Amino acid sequence: MSILKKWLSKEIDIELKACLYFFCILFYYVIFRIIEGSMEANILVMAEMVCTAYILGCIQTYLLHNFDEGEHFGKYEFGASIGCCLVYSGMGYWGKWFDRQLLPSLIFFGYLFLCYVCVFLAYKIKRSFDTKKLNQDLEAFKRDKKHIGGR
């Protein structure tokens, strides 16, 4: 059962990661479409985006050690972010997400890198809050234990 729980936990993390990055990509795509003068989005393009985000979520989780959830943003995290941005940008160009226009594709690459940095910072801030809360809970537990007659 513990193997199933570990797998399920990782799968939930992948799904959340895929949703997060899909939202970032979809936001850029929608802005691009509006700037191009269209109020319509291609459902097949969005399906490609979701699949790409899910596959890259798996790669980030199983092969790249969840680098965007790391403690620091060093050379490894920088390189992994660049690699993922290249894959997303390549898929965007290949899949005609931005009508194979070079400038929107290059801007997309930079935008995604910024998204990776923001996601890293969001996870870091969340960890900080979680750590503070856990420490407060531990202190409260120690105080309660003393009042009950513990050591």
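Read on for a plain summary of the structure.

Definitions and limits used
Within each chain, residue numbers correspond to sequence positions counted from 1 in written order. It should be noted that, the model being predicted, local features are given only for residues of pLDDT at least 70 and side-chain atom pairs only at 80 or more, the latter also being counted only at that level, while totals for whole chains, interfaces and linings use all residues. Excluded from the side-chain calculation are hydrogens and water; included are all heavy atoms of the structure. Only buried residues count toward a nonpolar core, which is a set of Ala, Val, Leu, Ile, Met, Phe, Trp, Tyr and Cys residues joined through side-chain atoms within 4.5 Å. Any residue under 20% of the maximum accessible area for its type is buried, any over 50% is exposed, and the rest in between are partly exposed; the area is computed with a 1.4 Å probe on protein chains only. Every helix listed is a DSSP run of H or I at least four residues long, and every strand listed is a run of E at least two residues long, numbered separately from the N terminus. Here a residue-residue contact requires only that any non-hydrogen atoms of the pair lie within 4.5 Å. The angle between two axes is taken between their N-to-C directions and runs from 0 to 180 degrees, where each axis is a line fitted to C-alpha atoms and a helix contributes only its stretch in contact. Note on angle classes: values under 35 degrees are labelled roughly parallel, values over 145 roughly antiparallel, values of 65 to 115 roughly perpendicular, and the remainder oblique. Each crossing is labelled by how the near helix is turned from the far one, with a counterclockwise turn of less than a right angle marking it left-handed and a clockwise turn marking it right-handed. The residue classification treats Ala, Val, Leu, Ile, Met, Phe, Trp, Tyr, Cys and Pro as nonpolar and Asp, Glu, Lys and Arg as charged. All others, Gly included, are polar. In the sections that follow, a salt bridge refers to a side-chain nitrogen of Lys or Arg positioned within 4 Å of a carboxyl oxygen of Asp or Glu. Patch membership is restricted to residues that have no salt bridge and whose relative accessible area is over 30%. Joining uses 9 Å for like charges and 5 Å for the nonpolar side chains Val, Leu, Ile, Met, Phe, Trp and Tyr. Each accessible area value is a Shrake-Rupley result obtained with a 1.4 Å probe; residue values ignore everything except the protein chains displayed when judging cover.

**Quick look at the nonpolar core**
Ile25, Met49, Tyr88, Trp97, Phe98, Phe108 and Tyr116 are the most contacted members of the largest nonpolar core, which has 26 residues in total. Only helix H1 (2–35), helix H2 (43–62), helix H3 (75–94) and helix H4 (102–148) provide two or more residues apiece to this core. With eight residues, H1 is the single largest residue contributor to this core. With near-sequence residues (within four places) excluded, Tyr88 lies in contact with Tyr21, Ile25, Thr52, Ala53, Leu56, Trp97, Phe108, Leu112 and Tyr116.

**Some details on the packing of H1 against H2**
A pair of packed helices can be characterised by two numbers: the angle between their axes and the separation between those axes. Interhelical geometry of H1 versus H2 gives an angle of 135° and a closest axis separation of 8 Å. Put simply, H1 runs oblique to H2. At the point where H1 passes H2, the crossing takes the right-handed sense. Listed contacts from H2 to Trp7, Lys10, Glu11, Ile14, Glu15, Lys17, Ala18, Tyr21, Phe22, Ile25, Leu26 and Tyr29 of H1 are Val45, Met46, Met49, Val50, Ala53, Tyr54, Gly57, Cys58, Gln60, Thr61 and Tyr62. Considering only residue class, the contact of H1 with H2 consists of 16 nonpolar, three polar and four charged.

**Examining the pattern of salt bridges**
One pass over the structure, following the stated rule, counts six salt bridges. Note that Lys17 is salt-bridged to Asp68, the shortest N-O span being 2.7 Å. Pair noted here: Lys17 is in helix H1 and Asp68 is in the loop between H2 and H3, with a separation of 51 residues, a long-range link. The class of Lys17 is buried, set by a relative accessible area of 0%. Salt-bridge contacts for Glu71 lead to Arg127; the nearest nitrogen and oxygen are separated by 3.1 Å. Taken together, the positions of Glu71 in the loop between H2 and H3 and Arg127 in helix H4 put the pair 56 residues apart, joining distant regions of the chain.

**With respect to a nonpolar patch on the surface**
Taken together, the side chains of Met1, Leu4, Trp7, Leu8, Ile12, Leu16, Ile55, Ile59, Tyr62 and Leu63 present a nonpolar region at the surface, about 1000 Å² in accessible area. Of all the elements in the fold, those that place two or more residues in the nonpolar patch are H1 and H2. A total of five residues in the nonpolar patch trace back to one element, the largest contributor, which is H1.

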